Amino acid sequence: MQTSVVGYPRIGARRELKFAVQRYWRHEMDAAELEGLAASLRLTHWNTQQTAGIDLIPSGDFSFYDTMLDTSLMLDAVPRCYRELGLAPLDTMFAMARGYQAEAGDVHARPMKKWFTTNYHYIVPRLDADTSLHLASTKPLDEYLEAAAAGIRTKPVLVGPYTFLTLARYEDGRTAADFADQAAAAYADLLGRLAAAGAEWVQFDEPSLVGDLTGEDVTLVSSLYRQVLSAKGDAKVLLQTYFGDTRDCFQDICSLGFDGIGIDLVEGEQACELVRQHPLPEGTTLFAGVVSGRNIWRNHLRTTLATIDGLAAATNAPIVLSTACSLLHVPYSVDAEKGLPAHVTEHLAFADEKLDELALLGRLADLTQQGRDADAALAANDRLFSEARPGADEAVRSRVATLVDADFTRTPTRPERADIQRDELGLPLLPTTTIGSFPQTAEVKSARARHNKGELDDAGYEAFLKGQIASCIRLQEEVGLDVLVHGEYERNDMVEYFGDNLNGFVFTDAAWVQSYGTRCVKPPIIWGDVSRARPITVGWSAYAQSLTDKPVKGMLTGPVTILNWSFPREDVSRREQALQIGLAIRDEALDLEAHGIRVIQVDEAALREKLPLRKADWHKGYLDWAIPAFRLVGSGLAAGTQLHTHMCYSEFGDIIGDIDAMDADVISFEASRSNLEILDDLAREHFQTQVGPGVYDIHSPRVPSTDEIVAALEAMLKRIDPAKLWVNPDCGLKTRGAAETEPSLRNLVAAAHEVRQGLGA
Ligand code: GLN
Ligand code: ZN
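Residues numbered from 1 in each chain as written. Chains lettered and ligands numbered in written order. Predicted model: local features only at pLDDT ≥ 70, side-chain atom pairs only at ≥ 80, totals over all residues. Heavy atoms only, no water.

**Let's talk about the pairing of strand S20 (residues 599-603)**
Piece 1. Among the 5 residues in S20, 5 count as buried, and that is most of the element.
Piece 2. Along S20, one buried face is formed by Val-599, Gln-601 and Asp-603 and the opposite face, lined by Ile-600 and Val-602, is buried too.
Piece 3. Of the strand pairs in this sheet, strand S19 (residues 553-557) and S20 are connected by 5 bridges, and their pairing is parallel. By the bridge assignment for S20, Lys-553 is matched with Val-599.
Piece 4. Where S20 lies against strand S21 (residues 642-647), 5 bridges are found, and the strand directions are parallel. For Ile-600, the partnering residue across the bridge sits in S21 and is Leu-643. (Buried < 20%, exposed > 50% of the residue type's maximum accessible area, 1.4 Å probe, protein only. Helix = DSSP H or I, 4+ residues; strand = E, 2+ residues; numbered from the N terminus. Pairing = 2+ DSSP bridges.)

Dropping the structure here:
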């Protein structure tokens with residue numbers, strides 16, 4: 001069987017692109033040099049795939065920043081303020097990605113959002129009264145020709161028009177319907193040119209098709225593609241879907257005349273069944289996504305072969321084997337990992353290992369049963385999946401298995417706790433606090449680096465951190481905050497720090513994955529059963545509390561966030577993993593309480609991001625275990641201990657009831673970017689949890705004025721009971737400089753005082 005790759009990472013195995021782009025931004029590299037480096041990376045990536053034996057190799061999946069942003073530029077969806085800067089196309093693109101501040105002008109960055117349920121962020125297109133979509137550049141064609149010139153035949157990959165239009169933000173009263181014909185014409189123009197250039201296959205990525213679709217949505221899809229496909233000439237067009245199945249439109253898309261339909265058999269629960277029920281039209285090729293682009297584990301070849309055989313029995317269509325989605329979401333190669341034991345690495349497959357698996361599956365799929373049974377590679381893979389993995393912990397398993405309702409229920413009720421906490425903590429109306437971290441200065445980072453290298457011994461590092469904590473406490477007391485924090489100086493990352501101190505996690509050296517633009521993350525891997533190896537934060541929090549009479553908030557990362565920002569294991573359920581982590585964090589929370597900490601914040605920054613794409617799956621597939629995992633952390637705390645949580649995005653308008661059911665006493669979240677509608681939702685849903693909607697944006701170095709914060713608080717008080725309102729920034733301060741942090745916090749406290757006075761408190 002032939003093989004196809006949906007997309008390949010672009011940042012470079014050694015993050016070459018990241019470093020080059022950053023040098024370009026610092027004017028240490030010119031555009032020509034940057035373009036040269038990009039071309040050589042593209043060539044390396046195509047060669048790697050060709051060498052692995054992949055038949056349909058993607059091109060056009062390269063980007064200096066983000067392919068959605070590239071698509072905006074290609075279609076001329078460049079808002080006026082960026083156009084007016086009069087920059088070269090590359091710099092206009094970077095201005096949209098990161099903002100621009102120089103003589104030519106001063107513009108903000110376009111907003112960025114998570115790409116479906118991944119941790120990749122795309123730049124949100126803006127379509128407004130000024131927009132007229134047309135083919136303004138030919139990046140996909142250029143890259144196709146570049147590969148062809150190097151002797152490599154590729155399959156150009158495009159973000160499809162439906163996904164582009166559904167993810168765009170509309171202004172000036174416009175809607176997707178206003179741009180559908182323009183978009184279709186632009187894509188048709190491009191498709192015609194690709195066909196004329198000799199492209200055999202052209203791939204249209206349409207992940208938006210796997211969500212809940214209305215009849216109107218399906219009509220839009222059909223009308224877009226009727227126009228686009230009319231221009232296909234001799235090219236074959238592949239409609240590539242991923243991150244789920246297309247149950248709401250499968251029959252419709254099959255009837256549009258595509259030459260190939262790409263389905264995700266890893267995440268698409270009903271994908272196989274849809275093919276069985278609705279035969280593909282004669283001449284259509286089925287692209288079967290069988291190798292995950294999201295996990296880092298070896299493919300279980302036997303199971304996958306059974307899936308392929310089942311599919312082949314269900315359809316007459318020719319089958320091409322493919323990755324289930326782009327490999328963008330996994331690191332490059334396990335070869336770079338020198339620090340992991342062999343019994344771990346043999347279970348891992350990053351992008352390059354997945355190419356080999358795909359090629360191997362292509363070969364095995366064509367063999368008879370006897371041929372397969374005689375295959376050494378298949379036998380080795382069988383062995384990997386039949387042996388028990390080290391790392392099982394019976395004590396943890398049975399702790400999870402014996403959990404009862406009471407373990408998820410905190411008593412007394414939240415209103416009763418609020419009274420007790422008010423008396424015990426003695427907080428004023430509109431209490432002020434921060435989200436946890438204070439600026440990670442060069443000094444803090446350098447001390448950590450020296451400690452990691454062994455240049456600073458444990459005692460020296462501990463003394464350094466205590467010094468930082470002491471001055472952080474002094475600063476907060478002096479500024480007049482009500483609930484203090486220790487500053488999180490000991491943490492590099494809110495998940496890695498906990499993973500480091502929990503049994504069951506392993507860490508890679510170089511397994512970077514692009515998160516946005518030049519930013520990469522290196523998620524830890526959950527390898528075995530998770531438990532708390534030792535007290536994690538207790539020493540730091542207790543030390544901070546010893547320095548002040550004000551309450552110091554203990555800072556923990558919640559189980560759902562630890563799980564979502566790690567590579568989860570697949571031999572046990574996500575529910576089981578979340579509960580194991582929940583128990584470990586519960587142990588830490590109880591330990592904090594035992595050491596005199598009276599306020600504990602359990603961050604769930606990533607809870608919203610893995611909410612399933614289909615509403616029908618929200619509870620059964622996710623919230624039904626995610627919310628209990630959080631509740632498990634807090635249920636053992638005394639009534640007087642105040643439990644806080646924090647979420648970064650306030651995009652939870654649709655799951656407000658579930659957020660309330662976390663049963664935290666207080667929640668803080670981002671609301672500074674004019675997201676005050678969320679407050680209306682809270683009021684309407686009778687949200688019980690006390691709330692601290694962020695009063696200023698910490699992603700910007702601006703110092704908010706007292707008046708601004710007063711105005712924000714007054715707007716909030718129109719919707720929130722003063723007894724339930726907290727005053728805080730919208731996220732942690734770790735990326736901020738010390739210079740802007742102190743005046744910002746002074747203004748925040750001054751604003752709270754002013755508003756309190758107005759309330760007669
Ligand atoms: N407590 C963390 C901090 O302040 C929360 C970070 C986050 O929400 N991403 O840094
Ligand atoms: Zn946050």
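That covers the picture; the talk isn't over yet.
**Thoughts on empty space enclosed by the protein**
Piece 1. For the structure on display, the rule yields 7 cavities of 30 Å³ or more.
Piece 2. What lines the largest cavity is a set of 23 residues, and nearest its centre among them are Asp-61, Thr-67, Val-157, Val-159 and Asp-205.
Piece 3. Of the residues forming the lining of the largest cavity, the biggest block, 5 residues, is contributed by helix H3 (residues 67-74).
Piece 4. Here the lining of the largest cavity is composed, by residue class, of 12 nonpolar, 6 polar and 5 charged. (1 Å grid on protein atoms, 1.4 Å probe; cavity = no way out; pocket = protein on both sides within 12 Å on 5 of 7 lines; lining within 4 Å. Points joined across faces, edges and corners; volume = space filled by probe spheres on them. Nonpolar A, V, L, I, M, F, W, Y, C, P; charged D, E, K, R; others polar.)

**Details of the coordination of the zinc ion (ligand 2)**
Piece 1. The protein atoms that coordinate the zinc ion (ligand 2) are His-646 (NE2), Cys-648 (SG) and Cys-731 (SG), at distances of 2.1 to 2.2 Å.
Piece 2. Around the zinc ion (ligand 2), the 4 donor atoms are arranged such that angles at the metal cover 83 to 121 degrees; this shape is classified as irregular.
Piece 3. For the zinc ion (ligand 2), all donor residues lie on one chain, and their spacing in sequence is H-x1-C-x82-C. A residue pair is termed long-range when its members are at least 10 positions apart, and Cys-648 in the loop between S21 and helix H26 (656-660) and Cys-731 in the loop between helix H28 (706-717) and helix H29 (738-758) qualify at 83 residues.
Piece 4. The buried category is assigned to Cys-648, whose relative accessible area is 18%.
Piece 5. You can call Cys-731 buried: its relative accessible area is 16%. (Donors = N, O, S within 2.8 Å, 3.2 Å for Na, K, Ca; no water. Tetrahedral: all angles 85-135°; square planar, octahedral: opposite > 155°, others 65-115°.)

**What to know about the sheet that holds S21**
Piece 1. The 5 strands lie next to each other as S19-S20-S21-S22-S23, forming an open sheet whose pairing is parallel. Both outer strands of the open sheet, S19 and strand S23 (690-693), are each paired with one neighbouring strand and no more. This sheet shows a mean twist of 20 degrees between the axes of neighbouring strands, independent of strand direction. (Axes fitted to C-alpha atoms, helices over the stretch in contact; angles between N-to-C directions.)

**A short note on the environment of Gly-151**
Piece 1. Tracing the sequence through the fold places Gly-151 in the loop between helix H6 (139-149) and strand S8 (154-159).
Piece 2. Residue classification places Gly-151 among the exposed positions, given a relative accessible area of 58%.
Piece 3. Between the C-alpha atoms of Gly-151 and Asn-47, which are 104 residues apart in sequence, the distance is 10.0 Å.

**What to know about the site of ligand 1**
Piece 1. Around ligand 1, 13 residues are found, and the nearest of them are Ser-437, Glu-488, Asp-603, His-646 and Cys-648.
Piece 2. A distance of 2.9 Å is found between a nitrogen atom of ligand 1 and a side-chain nitrogen or oxygen belonging to Glu-488.
Piece 3. Separating an oxygen atom of ligand 1 from a side-chain N or O atom of His-646 is a distance of 3.1 Å.
Piece 4. When isolated, ligand 1 has an accessible area of 300 Å², and the protein chains bury 94% of it.
Piece 5. Residue composition of the shell around ligand 1, grouped by class: 6 nonpolar, 4 polar and 3 charged. (Near = heavy atom within 4 Å. Polar contact = N/O pair within 3.5 Å; in protein donor to acceptor, adjacent residues only side chain to side chain. Areas by Shrake-Rupley, 256 points an atom, 1.4 Å probe, with all protein chains shown as cover.)

These results come straight from atomic positions and should not be treated as a statement about function.
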